[in-house]
Amino acid sequence: MTDTDTDTETDGDRAGWTFAADPGAVRAARSAVRARLRRWDLDSVGDVAALLVSELVTNALRHATGPIGVRLVRPDGPADVLLVEVSDPLPDLPCERPARPEDEGGRGLRLLASASRRWGTRPGAGGKTVWFELTVPR
């Protein structure tokens, strides 16, 4: 994390960070997510979670100018589902767009849809949140 990034963990089953809207946010978010999942003994979903967080933080950097929030909620009980949220101050909800083979972008939401259990968006008072769930193998 950079000097402007903050760890906003609320309790043992939740973790959250706020990252400045700069290119280092992608690497910092990926590292923070992997480290927390390792601490929670959830390495089995660490690579996928880090990849999807990277995609969403990259999208936020491309389209928004304010801080980017990342939040994890550890599975509780028999659900065995990890919830991951990425928030930014832009109110516009993301939409899938077709990507041609030579395009560098346009695949993030398709990747999110194929790699997660389910995903969605919700507007907020100060922007939006894109969330996804990953099934945690037991």
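Before reading on, note that the structure itself is shown above.
An account of the accompanying structure is given in this report. (Residues numbered from 1 in each chain as written. Predicted model: local features only at pLDDT ≥ 70, side-chain atom pairs only at ≥ 80, totals over all residues. Heavy atoms only, no water.)

**Re the side chain of serine 54**
Alright, step 1. Tracing the sequence through the fold places serine 54 in helix H2 (residues 46-63).
Alright, step 2. A polar atom in the side chain of serine 54 sits 3.0 Å from the side chain of arginine 30.
Alright, step 3. Leaving out residues up to four positions away in the same chain, serine 54 has contacts with Val26 and Arg30. (Helix = DSSP H or I, 4+ residues; strand = E, 2+ residues; numbered from the N terminus. Polar contact = N/O pair within 3.5 Å; in protein donor to acceptor, adjacent residues only side chain to side chain. Contact = heavy atoms within 4.5 Å.)

**Concerning the pairing of strand E3 (residues 68-73)**
Alright, step 1. Burial within E3 is extensive, with five of its six residues counted as buried.
Alright, step 2. Across six bridges, the pairing between strand E2 (residues 14-19) and E3 is antiparallel. Among the inter-strand pairings, threonine 18 is bridged to a residue of E3, identified as glycine 69.
Alright, step 3. For E3 and strand E4 (residues 81-88), the ladder comprises five bridges, and the chain directions are antiparallel. Bridging across to E4, leucine 72 finds its partner in valine 84. (Buried < 20%, exposed > 50% of the residue type's maximum accessible area, 1.4 Å probe, protein only. Pairing = 2+ DSSP bridges.)

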